[in-house]
Structure formats: structure tokens, C-alpha cells
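Chain by chain, the residues run as shown.
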Amino acid sequence: MKREHFKWILLLFTFLIVLAGCGSSSKGNDSAKKSDAKVEKKDDAKSGASKKQYTDIKELKDNYDIVIIGAGGAGMSAAIEAKDAGLNPVILEKMPVAGGNTIKSSSGMNASGTEVQKANGIEDSNDKFFEESLKGGHGANDKELLRYFVDHSAEAIDWLKKNGIVLDNLSITGGSSVKRTHRPHDGSAVGGYLVDGLLRNVKERKIPLFVDANVTEISEKDGKPNGVTVKTKAGDKKITAKSVIVTTGGFGANKDMIKEHRPDLEGYVSTNSKGSTGDGIKMIEKLGGQAIDMDQIQVHPTVHQEDGALIGEALRGEGGILVNTKGDRFVNELDTRDKVSAAINDQDGKFAYLIINKDIREHVKAVDFYEKKGYVKKADSLEDLAKELKLPADELKKTVEKWNKDVEEKKDSDFGRKTGMERSLKSGPYFVIKIGPGIHYSMGGVKINSNTEVLHKDTNKPIPGLYAAGELIGGLHGKNRLGGNSVADIIIFGRQAGKQATEFVKNKK
């Protein structure tokens, strides 16, 4: 009996040890899971751009066929074209991540006569696109550049699609008579989608892209650029090249340049990325290039005033309206940006409220981002909305009811608006964002021809081997740019710069 009793005690003791071990193991697994969750949460908090893997600075070589300064949409498009043509390009970006102002783009990319338009029964033409862009620019556009621009816009949409960047959702922006603003399929902001797609193509082609690589000078020999000096964390380095493409963007974030060329805009909030400081324009001027229309700086009408976030034109293009502190509409919301901005500046406080409802929101996914940032206020009814905004409820209700009737009759009885009238504001919930004008785009910049060759200030002839594309250039948009034309600009002329620089290098060999 004693032996049997001891046996049972031993079994019980063994069981308890195993049970304790299991409990300890379970607790350890829970701790590991919590730790993993923290890591995942931390990783999720990082921006998409910061996750991109760029080329290690240790791999920076002494010589390339083409040096491209700036890793926005224009620079990456140029690099892809050059690489596909068999050359060895490099992209140098001064900021910690690629994207520039491109990543901030919201509404979409304009193009005429596209397959997407045809599939949606929209009749458009390059001539119509040309005339409306010319009218939007008050007739001051460089007609040679504008003609090339519109005639190659549909081709640019096809090129993006071929490279896995599909823009098959249509909207409309101010100054256009038809839907030609191409967006991602889900209606989300075009910028992040475009940058991700271009970066993917750059990486697939193994094109070296270095960030934190600030080009401080373009070197030259016998009047021709032959390389650059780049400042990196590893030190300064001179790189030689047969051609240089400058795609560094505009100067909307350079307060000194804004004050110099447009002192009346001093103190305005800016939508621009921190890297948009006009570096490329200054470097090109040192080589004899000329800067034109530098006082032509576009003010965007719908900007969140606290942090300079652009509130995309697509919200108005899908049916949103603007009201003032009296609860009244005061402008054709889809007039050109300069006119809408001027109208807002005429209102009390120089701001307005942009109102949409659930139906409109479903067609503009960017609102999700605006809401996360805390820009959006929501109300179930117009009465609640008026109370939230401290507006006269009767007047706001009267304004919205009249607008709904105009939408139904497809005729804006107050301001002659003809577009963005497919959806009314009959039902809630309602969403509103307080907006005001902000510095958005520098139409002025370096003078080029339609081959993207930089023209010398004395001869007005091309500087051999020097090309420029994107917001850096002047002349294309005249005195006012239509929404959606900037994204088209960077792709169309970015590709052209890549092609022309490639041809120059091959002919030089």
C-alpha cells in the first residue's frame, strides 16, 4: 500500500510541475504577443514613404550617364524612360524621402481623349483641353509647351497604366467643362498612389535613388553641364555625367523668394513640401538659364489654415459647395482657382466653409484622411450643422435647398456653375471643413522648349545636355494653373526629359 501510495504522490507532483510549466509558457507567449503587437503598432505608425528602401549611400558612384536632381513625379518618370532606353541614370533627392510635392497631390491628373473618358461616354478633345487651359492661364501660357502638353496627355495615362499605375476614376476640377481629371480607382488622392507606383517601377528597374543627397552645384565645361556636386551624410562628392535633368520643383516653401517676387503673399500659409525651395532654379540661373514669370504664384482657395494641408478640388468637383459666415454661397465653386480665392478673400474673416454630405464623401476617399487629421466636423442635419458652425440656421437651410433645386434643374441660378452638379445635398449626414486661400504653386520658373531643353538667357538657345521638367519650369500654365494640370505636367514633361536626355547622351557617344 505504501508503495502504491507513493506512486500516486509522485504522479501528482509530476502533473503539478507540468501544469506550472504550461502556465509559465502561456504567460510567456502572451508577453511575446503583446511585444509583437507593440512592434506592429509602431511599424504601422510609420508613413508609407519612410518604409521605402532607397539605395545605400555607399553605392554612390563617380559617374553616370544621366544625373537627375529631384525624386518627385517628374524625376522618377525621367529616370524610368532613360533606363528603359538602355542608359544608366541616377536620382539624387535632398529630402529624407522621395515624393516632393507630387505626394501632396490630391485631385488627379488631367488628360484629354483618353480610353477612360471614351469608356465613360465623355466627349473631349485635345483642342478643347488646350483652349480651356489657355483660358485658365489668361492667355499667358507658352503655346508651344501647352500644345505638346495636351497632345501627349492621353499617352501619359496609357504609359502609367502600362507600368501598373491605373487612373480610371474620373472627376472634374475648376476651369474644365468635362470630366478629364483621372484618379485612382477608389477615388483616393492621386499623390501617394502615384509616388508608390513610380517608386515601385524605379526599384524594379534597379535605378539608384539616393535620399539625403543634396545637390549644391551643377558643374560645367565649355558651357555644357558635365556633372554635379552632392552633399551627403558621408560627405561631399563630385559626380560626372553626360547630361543633367533638373526636377527639383518650385519655390512655394521659400519665404524669401515669395517675399521677393510677391510681397503681397507674405504670411500666407503654404501647401508645399519643405523641399520646395527653388534650388534648381538658382542652379540653372548660374549656368545661364533664364527664369520667367516668377511673380506668377498660384493661391489655392481651399487650404486648411492651421497646417497648410490642401483640401482637394475633387470635393467641389463631386458636388461640394462653399458658404460664408452668413450661410450663403458667394461664388461658382468650380471657377478658376484665382477667382475662387479672390472671392473667399472678400468674405468676412477671409475664410469659408466647404460643405459636402455622405453621398459626395463616398466618391472622395481623401476625406478619410482629412477626418483623421481632425479637419472635419460632422452633423446629422442642417440645423445641427448651423449650430456647430454658429451660422444662421434659416439662411443655411435656404441656401442648401436652393442649391438642391439648381442641381435638380442642372442650372446654377446664382453663379452660373455648370459642372460638379451630379449630386445634391438633400440628405445628411453633412461634413464640413473650414478653409481659406494658401500659397500652392509657382507657375514661374526656368524657360524651356517642348524638348525640355533649358534655354540660355542671352541666346534663347538650348544649353546642351541640360533639361528641366515639373513645377521647376515656367510658362506652361500662364497666370493660373487648372487643377489636375500639375500631375499631368510632371508625367508628360518628365518622360520627355528622360527621352531627350537619352537621345543627347547616345548621340554624344
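The structure this text deals with has already been given above.
In this report, we go over the structure that sits alongside the text. (Residues numbered from 1 in each chain as written. Predicted model: local features only at pLDDT ≥ 70, side-chain atom pairs only at ≥ 80, totals over all residues. Heavy atoms only, no water.)

The next subject is the pattern of salt bridges. Counting across every chain of the model gives 28 salt bridges. Across the pair Lys499 and Glu155 runs a salt bridge, and its minimum N-O distance is 3.7 Å. Here Lys499 is found in helix α16 (residues 485–508), whereas its partner Glu155 is found in helix α6 (residues 153–162), with 344 residues between them in sequence. For Glu155, a relative accessible area of 34% corresponds to the partly exposed category. Connected through shared salt-bridge partners, Glu81, Glu155, Arg495 and Lys499 make up one network. (Salt bridge = Lys/Arg side-chain N within 4 Å of Asp/Glu carboxyl O. Helix = DSSP H or I, 4+ residues; strand = E, 2+ residues; numbered from the N terminus. Buried < 20%, exposed > 50% of the residue type's maximum accessible area, 1.4 Å probe, protein only.)

Two faces, one strand: in a regular strand the side chains alternate between the faces of the sheet. Where strand β1 (residues 63–69) lies against strand β9 (residues 235–246), six bridges are found, and the strand directions are parallel. Paired with Val67 across the two strands is Val244, which belongs to β9. Here strand β8 (residues 224–232) runs beside β9; their pairing, made up of six bridges, is antiparallel. When the bridges of β9 are listed, Val228 appears paired with Ile239. Joining the antiparallel neighbours β8 and β9 is a turn of two residues. (Pairing = 2+ DSSP bridges.)

The subject of this paragraph is the environment of Glu422. Among the structural elements, Glu422 can be located in the loop between α15 (393–409) and β16 (430–442). Through-space distance from the C-alpha of Glu422 to that of Glu318 is 7.2 Å; in sequence the pair is 104 residues apart. Among residues more than four places away in sequence, those in contact with Glu422 are Lys179 and Val407. (Contact = heavy atoms within 4.5 Å.)

With their axes 9 Å apart at the nearest point, helix α4 (residues 126–136) and helix α5 (residues 143–151) run at an angle of 140° to one another. Between α4 and α5, the angle is such that the two are oblique. Note on packing geometry: the crossing formed by α4 with α5 is right-handed. On the side of α4, the interface is formed by Asn126, Asp127, Phe129, Phe130, Ser133 and Leu134, while α5 contributes Lys143, Leu146, Arg147, Phe149, Val150 and Asp151. For the contact of α4 with α5, the residue count by class is six nonpolar, two polar and four charged. (Axes fitted to C-alpha atoms, helices over the stretch in contact; angles between N-to-C directions. Parallel < 35°, antiparallel > 145°, perpendicular 65-115°, else oblique. Left-handed = near helix turned anticlockwise from the far one by under 90°. Nonpolar A, V, L, I, M, F, W, Y, C, P; charged D, E, K, R; others polar.)

Buried within α5 we find Leu145, Leu146, Tyr148, Phe149 and Val150. Buried residues belonging to α5 abut α4, α6 and α16. Its side-chain oxygen 3.0 Å from the backbone nitrogen of Glu144, Asp142 forms the N-cap of α5. (Polar contact = N/O pair within 3.5 Å; in protein donor to acceptor, adjacent residues only side chain to side chain.)

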